[in-house]
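Each chain, written out:
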Amino acid sequence: MALRDAYMDKLDAQLREAEAEVERLNAKANTARADNRVEYEKQIANLKARQEKLKEEIVSLRKAGEEAWQDLVTGAETAWTDLRTAVRSASQRF
């Protein structure tokens, strides 16, 4: 059980980190020129959708029994990797 709790804590921390970066990008988009702002807002919407996917995976993990939990870890890892990659990509473009 301790391993599960540690994993959930790590996943929560990663999500908070990504949320902070998305908020930073959102603030930057708000100060961008109008022609760039539309593209930035699309990217931010994409990032927020990925955040929601990860949040859903975290909720599923919290509710899962021990056997199902192991199966759901893969989905959470995929959601985290997708979000992390998208955040890094957007950060480089902003």
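Structure first, text after, so check above.
Residues numbered from 1 in each chain as written. Predicted model: local features only at pLDDT ≥ 70, side-chain atom pairs only at ≥ 80, totals over all residues. Heavy atoms only, no water.

Participant: I would appreciate a short explanation of the environment of Lys53 in the present structure.
Facilitator: Here Lys53 is to be found in helix α2 (residues 34-63). Here Lys53 falls in the partly exposed class, since its relative accessible area comes to 41%. Once the C-alpha coordinates of Lys53 and Ala79 are considered, the two residues, 26 residues apart in sequence, prove to be 6.5 Å apart. (Helix = DSSP H or I, 4+ residues; strand = E, 2+ residues; numbered from the N terminus. Buried < 20%, exposed > 50% of the residue type's maximum accessible area, 1.4 Å probe, protein only.)

Participant: Which parts of the structure should I look at to understand the pattern of salt bridges?
Facilitator: Side chains bearing opposite charge may pair, as long as their charged atoms lie close to each other. Taken as a whole, this structure holds seven salt bridges when the rule is applied. Among the salt bridges present, the one from Asp12 reaches Arg62, with a minimum N-O distance of 2.4 Å. Remark: Arg62 occurs in helix α2 and Asp12 occurs in helix α1 (residues 2-30); sequence separation between them is 50 residues. Take Arg62: its relative accessible area is 47%, and that puts it in the partly exposed class. Residue Glu52 pairs with Lys55 through a salt bridge whose shortest N-O separation is 3.4 Å. Of this pair, Glu52 and Lys55 both sit in helix α2, three residues apart, which is roughly one turn of the helix. Accessibility expressed as a relative area gives 40% for Glu52, which makes it partly exposed. A relative accessible area of 28% means that Lys55 is categorised as partly exposed. Linked by salt bridges that have partners in common, Glu19, Glu52 and Lys55 make up one network. (Salt bridge = Lys/Arg side-chain N within 4 Å of Asp/Glu carboxyl O.)

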